[in-house]
Amino acid sequence: MAIKVKFFASLREQQPEGLSQVEAEGVKTVSDVWERATATTLVPAQVLCAVNLEHREPHEAVSDGDEVAFFPPVTGG
Amino acid sequence: MAIKVKFFASLREQQPEGLSQVEAEGVKTVSDVWERATATTLVPAQVLCAVNLEHREPHEAVSDGDEVAFFPPVTGG
Amino acid sequence: MAIHLHPVPFDPAVELARFEASLPRGSVGATASFVGTMRNHNEGDAVAAMTLEHYPGMTEKQLEAIIQEAREQWDIIDALIVHRTGDILPGNPIVLTAVCSAHRAAAFDACRFLMEALKSRATFWKKETLSSGDTRWVTKNT
Amino acid sequence: MAIHLHPVPFDPAVELARFEASLPRGSVGATASFVGTMRNHNEGDAVAAMTLEHYPGMTEKQLEAIIQEAREQWDIIDALIVHRTGDILPGNPIVLTAVCSAHRAAAFDACRFLMEALKSRATFWKKETLSSGDTRWVTKNT
């Protein structure tokens, strides 16, 4: 019973202690995942979030078994 | 002392008798060139004109030695 | 600036590669290009072949003016126009326009401008040979 | 629909030729394409190299969704997105988008849409190595 967590690019470098998974118990939103994984509150305004490979906002719901990712603004192309 | 005349595409086929040059004497406009070269009056509305390789309107001036061309709407690309 | 009129088939990839090789390496960040290809259908009829007539001298002058206008209007590095003349078969490329620039907006905008300007001003005329054997001048430049 | 992520350099001409060869001959009248190339300068600094990180799985999913949206919005025959990942040098292609259609407006519009959507949604991140040896994440996606 866990939620998988991923960090990318500058965020991965800034969160070397970031957890790669958190317990699903009591976790309702993307923001909750951030708090548990980083031991900080509030997802910074610049940070983008995804749930199961889809872009999501911090207030959106997560479920047990989801993959949640945090990353800076994309710079491809 | 002459003005060179060219017809292109469907216009060339429709003007088999069209002159390839006209006397410059008394010829002031593109329209005058059309009259002399085709023995018809008025440049048809659909016909495009050029003087010395630049797009021009029938009322615009021509001079001795000019090359005047008549053609249908362009369809390249 | 490069303008090529081809009386025989051309390969857009080869033309584009040659054009890009002529530009300062490392300065180009964006290349927008467009290829117009002969289709086997037009206005609801099956088309077997096409002949592209043009006005030698005026065509080149108009294309040069069009590229010059693009250079004045956008911050581009260089532009290319290649156009077929003569006898063309379905699947053959008819036209290639390409623009290189540092950033993408200028390349996209200028490349499209080249095509629209060429369509309205460059002195080319298409005559189709239908599958039935009939021939007709194309009158609508959509 | 075709999406390719390349961990090693790719040739846009080869990718484009393969894409076009997969389409019904004679139906394509217009091909609009765009290539983004790594420049040797960015934000006023000389850049020696770049690394493109991405989110495997999410990247492909986002690119597929972008192409699907283009297909719904325009009358196109097919679309292609090719994107580099990994270590890149100046002059190397980073991205190729291409759209084939019967008529040019759809190809131009959809090709540009692919690039703009990719820039804003596809999960790629660039890290530059400057000529000075310093590294930095690109933060502005102009």
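Scanning chain C for helices and strands turns up 3 helices and 9 strands. Order of helices (α) and strands (β) in chain C, N terminus to C terminus: β-α-β-β-β-α-β-β-β-α-β-β. In terms of C-alpha radius of gyration, chain C reaches 16 Å, essentially the compact-globule figure of 14 Å for 142 residues. Its C-alpha atoms give chain C principal-axis dimensions of about 50 × 25 × 25 Å. The proportion of buried residues among the 142 residues of chain C is 55%.

This paragraph deals with the sheet that holds strand β1 (residues 2–6) of chain C. Spatially, β1(C)-β5(C)-β7(C)-β2(C)-β2(D)-β7(D)-β5(D)-β1(D) is the arrangement adopted by the 8 strands of the open sheet, whose pairing is mixed. In this open sheet, the two edge strands, each paired with only one partner strand, are β1 of chain C together with β1 (2–6) of chain D. Here the strands of the sheet are splayed against their neighbours by 10 degrees on average, with no regard to which way each runs. Alignment of strand β2 (residues 30–37) of chain C against strand β2 (residues 30–37) of chain D, held across 7 bridges, turns out to be antiparallel.

Below, the discussion takes up the pairing of strand β5 (residues 78–84) of chain C. All names here are of chain C. Burial analysis of β5 places 7 of its 7 residues in the buried class, the great majority of the element. Side-chain alternation along β5 places Asp78, Leu80, Val82 and Arg84 on one buried face and Ala79, Ile81 and His83 on a second face that is also buried. In terms of strand pairing, β1 meets β5 through 5 bridges, oriented parallel. Residue pairing in the sheet places His4 in a bridge with Val82 of β5. Here β5 pairs with strand β7 (residues 93–101) via 6 bridges, running antiparallel. Looking at β7, one finds that His83 is bridged to Val95.

A separate point is the relation of the copies chain C and chain D. Under the fitted operation, chain C is carried onto chain D by 0.0 Å of movement along the axis and a turn of 180 degrees, and the coordinates agree to an RMSD of 0.0 Å. The transformation relating the two chain copies, once decomposed into turn and shift, fits a two-fold axis. Interface overlap between copies is the fraction of interface residues in one copy that are interface residues in the other; for chain C against chain D it reaches 100%, indicating a shared surface.

Here we take up the sheet that holds strand β2 (residues 21–23) of chain A. Reading across the sheet, the 5 strands line up as β2-β1-β5-β3-β4 (chain A) and stay open at both edges, with mixed pairing between neighbours. Each of the sheet's edge strands pairs with one partner strand only, and the pair in question is β2 and β4 (54–56) of chain A. Averaged over all adjacent pairs, the angle separating strand axes in this sheet is 30 degrees, with direction ignored. In the sheet, strand β3 (residues 48–51) of chain A pairs with β4(A) via 3 bridges, with the strands oriented antiparallel. Bridge pairing in β4(A) links A:Val51 to A:Glu54. Packing of helix α2 (residues 58–73) of chain D onto the sheet brings it into contact with β3, β4 and β5 (67–71) of chain A, and relative to β4(A) it is tilted by some 95 degrees.

In this structure, the largest pocket occupies an estimated 1,100 Å³ of space. What lines the largest pocket is a set of 43 residues, among which C:Pro12, C:Ala13, C:Leu16, D:Ala13 and D:Leu16 lie closest to the centre. Mapped onto the lining of the largest pocket, the elements with two or more residues apiece are α1 (12–21), β2 and β7 of chain C together with α1 (12–21), β2 and β7 (93–101) of chain D. For the lining of the largest pocket, the class distribution of residues is 26 nonpolar, 11 polar and 6 charged.

On to the arrangement of the chains. Across the 3 pairs of chains that are in contact, the largest number of contacts falls between chains C and D. With respect to C-alpha atoms, chain A approaches chain B no nearer than 29 Å, and the pair has no contact. For the non-touching pair chain B and chain D, the nearest C-alpha separation works out to 10 Å.

Right, let's talk about the side chain of A:Gln15 for a bit. Looking at the element boundaries, A:Gln15 is found in the loop between α1 (9–14) and β2. Apart from the residues within four sequence positions on either side, A:Gln15 is in contact with A:Phe7, A:Trp34 and A:Thr38.

Enumeration over the complete set of coordinates arrives at 26 salt bridges over all chains. A salt bridge links C:Glu116 to D:Arg104; the nearest nitrogen and oxygen atoms lie 2.7 Å apart. Here the residue C:Glu116 occupies a position in helix α3 (residues 104–121), and D:Arg104 occupies one in helix α3 (residues 104–121), the pair thus bridging two chains. Among the residues examined, D:Arg104 registers a relative accessible area of 13% and is labelled buried. With its nearest N and O atoms 2.8 Å apart, the salt bridge here joins D:Arg121 to D:Glu69. On the criterion of sequence distance, the pair formed by D:Arg121 in helix α3 and D:Glu69 in helix α2 is long-range, its members being 52 residues apart. You can call D:Glu69 partly exposed: its relative accessible area is 31%.

Another aspect to go through is the packing of aromatic side chains. Under the definition given, this model contains 20 aromatic pairs over all chains. An angle of 35 degrees between the planes, with centres 4.3 Å apart, marks the rings of B:Phe8 and C:Tyr55 as tilted. One end of the pair, B:Phe8, is in the loop between β1 (2–7) and α1 (9–14); the other, C:Tyr55, is in the loop between β4 (45–54) and α2 (58–73), on a second chain. The pair B:Phe8 / C:Tyr55 is uniform in exposure class, with both members buried. Between the aromatic rings of C:Phe34 and D:Phe108, the centroid separation amounts to 4.7 Å while the plane-to-plane angle is 20 degrees, which identifies the pairing as stacked. Of this pair, C:Phe34 sits in strand β2 while D:Phe108 sits in helix α3, each in a different chain. Taking relative accessible area as the criterion, D:Phe108 reaches 7% and is therefore assigned buried. An aromatic cluster of at least three residues, connected via ring pairs, comprises A:Phe8, A:Phe71, D:Tyr55 and D:Trp125.

Cut-offs applied
Residues numbered from 1 in each chain as written. Chains lettered and ligands numbered in written order. Predicted model: local features only at pLDDT ≥ 70, side-chain atom pairs only at ≥ 80, totals over all residues. Heavy atoms only, no water. Helix = DSSP H or I, 4+ residues; strand = E, 2+ residues; numbered from the N terminus. Rg over C-alpha atoms; globule rule 2.2 N^0.38 Å. Buried < 20%, exposed > 50% of the residue type's maximum accessible area, 1.4 Å probe, protein only. Pairing = 2+ DSSP bridges. Axes fitted to C-alpha atoms, helices over the stretch in contact; angles between N-to-C directions. Least-squares fit on C-alpha atoms with pLDDT ≥ 70 in both. Contact = heavy atoms within 4.5 Å. 1 Å grid on protein atoms, 1.4 Å probe; cavity = no way out; pocket = protein on both sides within 12 Å on 5 of 7 lines; lining within 4 Å. Points joined across faces, edges and corners; volume = space filled by probe spheres on them. Nonpolar A, V, L, I, M, F, W, Y, C, P; charged D, E, K, R; others polar. Salt bridge = Lys/Arg side-chain N within 4 Å of Asp/Glu carboxyl O. Phe/Tyr/Trp six-rings, centres within 6.5 Å; stacked < 30°, edge-to-face > 60°.

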